[in-house]
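Each chain is listed here by its residues.
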Amino acid sequence: MEIVKKMNIPASVFYDQVMDSVLFDIRKHTGKSLTRKQLNNFEYVKQFSKNSRARIKVEKLVENTSYHFRTSTTKNDFLVQYDIKPLDEKSCEIRYNEKMESYGFLQKMNDAVLGTILMFFKKRQFTKMLKMMEESY
């Protein structure tokens, strides 16, 4: 899934909002208060429910330009990429890319069927989140 959207906020503001969210999530799930400089290649385990958890690894971090991370579970591997391109002092273009690899034939079939249905809702939810980020500026 790829989404490209022009945002009416500076690239640095968008990046700051994403980093604040990332640092909050890490502190919530690990108890560690990190700085942005400590994030590159940082890994932690996130517990979603009693029986569901994932390993999250920050794979690429470039100030005001990109944030890539991987979420790995026993069933899937998700690669999420935020690439930010400043357009001028007050706007930027966000390129969001998400790739998923499923493990096992049944999981792949299940994800193929459900993925098609859920993709519409996921795109809509993501676009709504971007709009809220823009409005909060």
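All figures in this text were calculated on a predicted structure; none of them were measured in a lab. (Residues numbered from 1 in each chain as written. Predicted model: local features only at pLDDT ≥ 70, side-chain atom pairs only at ≥ 80, totals over all residues. Heavy atoms only, no water.)

This next bit is on the packing of aromatic side chains. Per the counting criterion, the structure on display carries seven aromatic pairs. A ring pair is formed by Tyr82 and Tyr96, whose centres lie 5.2 Å apart and whose planes are at 70°; its orientation type is edge-to-face. Placement of the pair is Tyr82 in strand S5 (residues 76–88) and Tyr96 in strand S6 (residues 91–102), with a sequence separation of 14 residues. Note on Tyr96: relative accessible area 7%, which makes it buried. Put simply, the rings of Phe14, Tyr67, Phe69, Tyr82, Tyr96 and Phe126 touch in pairs and so form one group of aromatic residues. (Phe/Tyr/Trp six-rings, centres within 6.5 Å; stacked < 30°, edge-to-face > 60°. Helix = DSSP H or I, 4+ residues; strand = E, 2+ residues; numbered from the N terminus. Buried < 20%, exposed > 50% of the residue type's maximum accessible area, 1.4 Å probe, protein only.)

Strand order in this open sheet of six strands is S1-S6-S5-S4-S3-S2, and the pairing throughout is antiparallel. For this open sheet the edge positions go to strand S1 (2–7) and strand S2 (43–49), each flanked by a neighbour on one side alone. Across the sheet, the mean angle separating the axes of adjacent strands is 20° when strand polarity is ignored. When S2 meets strand S3 (residues 52–62), the two strands line up antiparallel, connected through six bridges. Bridge assignment links Tyr44 to a residue of S3, and that residue is Ile56. Packed onto the sheet, helix H1 (residues 11–30) meets S1, S2, S3, strand S4 (66–72), S5 and S6 and runs at close to 75° relative to S2. (Pairing = 2+ DSSP bridges. Axes fitted to C-alpha atoms, helices over the stretch in contact; angles between N-to-C directions. Contact = heavy atoms within 4.5 Å.)

Our next topic: a nonpolar patch on the surface. On the surface, a cluster of nonpolar side chains totalling about 500 Å² of accessible area is made up of Leu114, Ile117, Leu118, Phe120 and Phe121. Relative to the elements of secondary structure, Leu118 occurs in helix H2 (residues 105–135). Overall, the relative accessible area of 47% leaves Leu118 in the partly exposed class. (Patch = residues over 30% accessible without salt bridge, like charges linked within 9 Å, V, L, I, M, F, W, Y side chains within 5 Å. Areas by Shrake-Rupley, 256 points an atom, 1.4 Å probe, with all protein chains shown as cover. Salt bridge = Lys/Arg side-chain N within 4 Å of Asp/Glu carboxyl O.)

Turning our attention to the environment of His68. Along the polypeptide, His68 turns up in strand S4. Spatially, the C-alpha atoms of His68 and Gln81 are 4.3 Å apart, while their sequence positions differ by 13 residues.

On to the pattern of salt bridges. With the rule as written, the count across this model stands at 11 salt bridges. Asp25 is the partner of Lys46 in a salt bridge, and the nearest nitrogen-oxygen pair spans 3.2 Å. A residue pair is termed long-range when its members are at least 10 positions apart, and Lys46 in strand S2 and Asp25 in helix H1 qualify at 21 residues. The pair formed by Lys46 and Asp25 is uniform in burial state, with each residue classed as buried. Via salt bridges that share partners, Asp16, Asp20, Arg36 and Glu63 belong to a single interconnected network.

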